[in-house]
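Reading the structure
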Amino acid sequence: ARIAVGLLPPPTAAERALELDPGHADTHANLGRMYQLDARQSAQVDGDFEKAAEFRQKGLEHAKQAVQLAPEDISIREDYVRALWDEGEWEEIINQLEIAYRYTPDTLYLRDWKIAPLIWLRRVDEAEAYLEELKQEFPHVDWEHRDSAFTVHRARGRLRQALASIYPGMHTNPISW
């Protein structure tokens, strides 16, 4: 059940706000997030997968609208990527991440998110090459202990290295195996 804010449930209040100003990116983004949360609740708590799919679609539509209205807002683009992730739209996720990188070229934020969709698309060689590019671009990062390294090692079948990336020291202590 939704918690009411004031007199209207959150999606209703946000939908009313969009009636007043349909070009407000933050309102679309917030409404998209609310629908995504409702989708998870419908599926996990209520077991209503049809309702969850409907909410996910509404959330995706609002997230996409928000990105169109505010293309340089990285947090809004991140929300759109998360909505796409729930739908398994791997190619579009990669596209959206590459757009985000243009707005934040010198930061690691969202950069290694690209690896998982590449793996899902069975483009393991490309994912591994991209990880190597990131290692060169951001040498100060401990890449061997990030999820992206785990993902690539696991996709390659290098389970010992994958586990060592999550549990540092595991590869140096054979007793722990």
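Residues numbered from 1 in each chain as written. Predicted model: local features only at pLDDT ≥ 70, side-chain atom pairs only at ≥ 80, totals over all residues. Heavy atoms only, no water.

A few points about the packing of aromatic side chains
Overall, the coordinates contain three aromatic pairs when judged by the stated rule. Measuring from ring centre to ring centre gives 5.3 Å for Trp-85 and Trp-90, while their planes differ by 90 degrees; the resulting arrangement is edge-to-face. With a relative accessible area of 30%, Trp-85 lands in the partly exposed category. Residue Trp-90 is classed as buried on the basis of its relative accessible area of 15%. Each residue in the set Trp-85, Trp-90 and Trp-120 is aromatic and connected to the rest through ring pairs, giving one cluster. One residue, Lys-114, lies across the ring of Tyr-130, its end atom 4.6 Å from the ring centre. (Phe/Tyr/Trp six-rings, centres within 6.5 Å; stacked < 30°, edge-to-face > 60°. Buried < 20%, exposed > 50% of the residue type's maximum accessible area, 1.4 Å probe, protein only. Lys NZ or Arg CZ within 6 Å of the ring centre and 35° of its normal.)

Structural notes on helix H9 (residues 159-166)
Taken as a whole, H9 has its buried residues at Ala-162, Ala-164 and Ser-165. With its buried residues spanning 165 degrees around the axis, H9 presents them on a single face. Packed against the buried residues of H9 are helix H8 (147-155). (Helix = DSSP H or I, 4+ residues; strand = E, 2+ residues; numbered from the N terminus. Arc of directions from axis to C-beta. Contact = heavy atoms within 4.5 Å.)

What about the layout of surface pockets?
The space that makes up the largest pocket amounts to roughly 230 Å³. Trp-85, Asp-112, Trp-113, Ile-115, Ala-116, Arg-146, Asp-147, Ser-148 and Thr-151 are the residues that line the largest pocket. Among the elements that line the lining of the largest pocket, the one with the most residues is H8, at three residues. When grouped by side-chain class, the residues that make up the lining of the largest pocket number four nonpolar, two polar and three charged. (1 Å grid on protein atoms, 1.4 Å probe; cavity = no way out; pocket = protein on both sides within 12 Å on 5 of 7 lines; lining within 4 Å. Points joined across faces, edges and corners; volume = space filled by probe spheres on them. Nonpolar A, V, L, I, M, F, W, Y, C, P; charged D, E, K, R; others polar.)

Comments concerning helix H3 (residues 49-69)
Residues that lie three or four places apart on an α-helix share one face, since the helix turns once every 3.6 residues. The terminal C-alpha atoms of H3, which comprises 21 residues, lie 30 Å apart, in line with the 30 Å expected from a rise of 1.5 Å per residue. Taken together, the buried positions of H3 are occupied by Ala-52, Phe-55, Gly-59, Leu-60, His-62, Ala-63, Ala-66 and Val-67. Between the side-chain oxygen of the N-cap and the backbone nitrogen of Glu-50 there are 3.4 Å, and the N-cap of H3 in question is Asp-48. (Expected span 1.5 Å × (residues − 1). Polar contact = N/O pair within 3.5 Å; in protein donor to acceptor, adjacent residues only side chain to side chain.)

With respect to the nonpolar core
Ile-76, Ile-115 and Trp-143 are the most contacted members of the largest nonpolar core, which totals 34 residues. Every element with two or more residues in this core is listed here: helix H2 (25-44), H3, helix H4 (74-87), helix H5 (90-103), helix H6 (115-120), helix H7 (124-137) and H8. Setting aside anything within four residues of it in sequence, one finds Ile-115 in contact with Ala-127, Tyr-130, Leu-131, Leu-134, Ser-148, Thr-151 and Val-152. (Core = buried A, V, L, I, M, F, W, Y, C linked by side-chain atoms within 4.5 Å.)

What about the pattern of salt bridges?
Where charged atoms from two side chains of opposite charge approach closely, those side chains can pair. For the structure on display, the rule yields 16 salt bridges. Measuring nitrogen to oxygen at the nearest pair gives 3.6 Å for the salt bridge that ties Glu-54 to Lys-58. A residue pair is termed a helical-turn pair when its members lie 3 or 4 positions apart in one helix, as Glu-54 and Lys-58 do in helix H3 at four residues. Using a relative accessible area of 36% as the deciding quantity, one classes Glu-54 as partly exposed. For Lys-58, a relative accessible area of 32% puts it in the partly exposed group. (Salt bridge = Lys/Arg side-chain N within 4 Å of Asp/Glu carboxyl O.)

Quick notes on unusual backbone geometry
Residue Leu-110 is not a glycine yet carries a positive backbone phi of 70 degrees. Relative to the helices and strands, Leu-110 is located in the loop between H5 and H6. Here Arg-122, not a glycine, exhibits a phi torsion of approximately 65 degrees, which is positive. Among the structural elements, Arg-122 can be located in the loop between H6 and H7.

Some words on the packing of H2 against H3
Viewed as axis vectors pointing N to C, H2 and H3 meet at an angle of 160 degrees, and their least axial separation amounts to 7 Å. Classified by the angle their axes make, H2 and H3 are roughly antiparallel. Considering only the axes of H2 and H3, their crossing is left-handed. Within the contact of H2 with H3, the residues separate by chemical class into 13 nonpolar, seven polar and four charged. (Axes fitted to C-alpha atoms, helices over the stretch in contact; angles between N-to-C directions. Parallel < 35°, antiparallel > 145°, perpendicular 65-115°, else oblique. Left-handed = near helix turned anticlockwise from the far one by under 90°.)

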